[in-house]
Amino acid sequence: MALTRVILPDKSVVETFSQTQRQLIVNQNPSPLTANHVIGSTGQPFVQLQQNSMTIATNGAIDLVGAQIELPMDPTMLQQAGNITPENTFVAKLSPDKQAWMVMEGIKSVNT
């Protein structure tokens, strides 16, 4: 099993596990869609906690077994944002048409 690990300047970490070694390309996007463009959840309103997003690509990783993405959050920023708790914090991915964020409610865990 091969592990590929990328650590970004903002301390975000992307790890993938595959049967063979794979190239992982991670780019940060400093101007993502805003929280007004959310689909896939009945929760409202959404608040954008980070001012960037990331794109992740592999070199044809059809044998990808798993992946993990760690996004650091500043506790002071969370307090300033208001009523933000691990229970109401979500991760979203960009829709295939790149016009909305799709909330991934079932696949997150928040460690404090």
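Structural data are supplied above this passage.
Residues numbered from 1 in each chain as written. Predicted model: local features only at pLDDT ≥ 70, side-chain atom pairs only at ≥ 80, totals over all residues. Heavy atoms only, no water.

With that settled, consider the overall build of the protein chain. Within the protein chain, the regular secondary structure consists of 1 helix and 8 strands. Starting at the N terminus and walking to the C terminus, you meet the elements of the protein chain as β-β-β-β-β-β-α-β-β. Burial status across the protein chain gives 23% buried among its 112 residues. Within the protein chain, contacts between residues at least 6 apart in sequence are counted, and of these 53% link residues at least 24 apart. Counting only carbon and sulfur atoms, one obtains 53% of the accessible surface of the protein chain, whose full area is about 7,900 Å². (Helix = DSSP H or I, 4+ residues; strand = E, 2+ residues; numbered from the N terminus. Buried < 20%, exposed > 50% of the residue type's maximum accessible area, 1.4 Å probe, protein only. Contact = heavy atoms within 4.5 Å. Areas by Shrake-Rupley, 256 points an atom, 1.4 Å probe, with all protein chains shown as cover.)

Turning to the pattern of salt bridges, a few remarks are in order. Considering all chains together, one arrives at 1 salt bridge under this definition. For R5, the salt bridge goes to E15, with nearest N and O atoms at 2.3 Å. Here R5 is found in strand β1 (residues 2-7), whereas its partner E15 is found in strand β2 (residues 13-18), with 10 residues between them in sequence. Exposure remark for R5: the relative accessible area of 46% places this residue in the partly exposed category. (Salt bridge = Lys/Arg side-chain N within 4 Å of Asp/Glu carboxyl O.)

Our focus in this paragraph is the pairing of β2. Most of β2 is tucked away, with 5 of its 6 residues classed as buried. Sheet topology places β1 next to β2; 6 bridges connect them, and they run antiparallel. Residue pairing for β2: L3 is matched across the bridge by F17. Hairpin connection between β1 and β2: a loop of 5 residues separates the two successive antiparallel strands, and K11 in this loop has a positive phi of roughly 80°. (Pairing = 2+ DSSP bridges.)

Time to look at unusual backbone geometry. Even without glycine at this site, K11 takes up a positive phi of about 80°. Locating K11 in the fold gives a position in the loop between β1 and β2. Looking at K11, the relative accessible area reads 62%, which means it is exposed. Residues other than glycine seldom take positive phi values, yet K98 does so here, at roughly 60°. With respect to the helices, strands and loops of the structure, K98 is situated in the loop between β7 (92-94) and β8 (101-103).

Quick look at the environment of Q19 now. Following the sequence through the fold, Q19 ends up in the loop between β2 and β3 (24-29). Residue classification places Q19 among the exposed residues on the basis of a relative accessible area of 58%. Considered as a pair, Q19 and A2 are 17 residues apart in the sequence and their alpha carbons are 5.9 Å apart.

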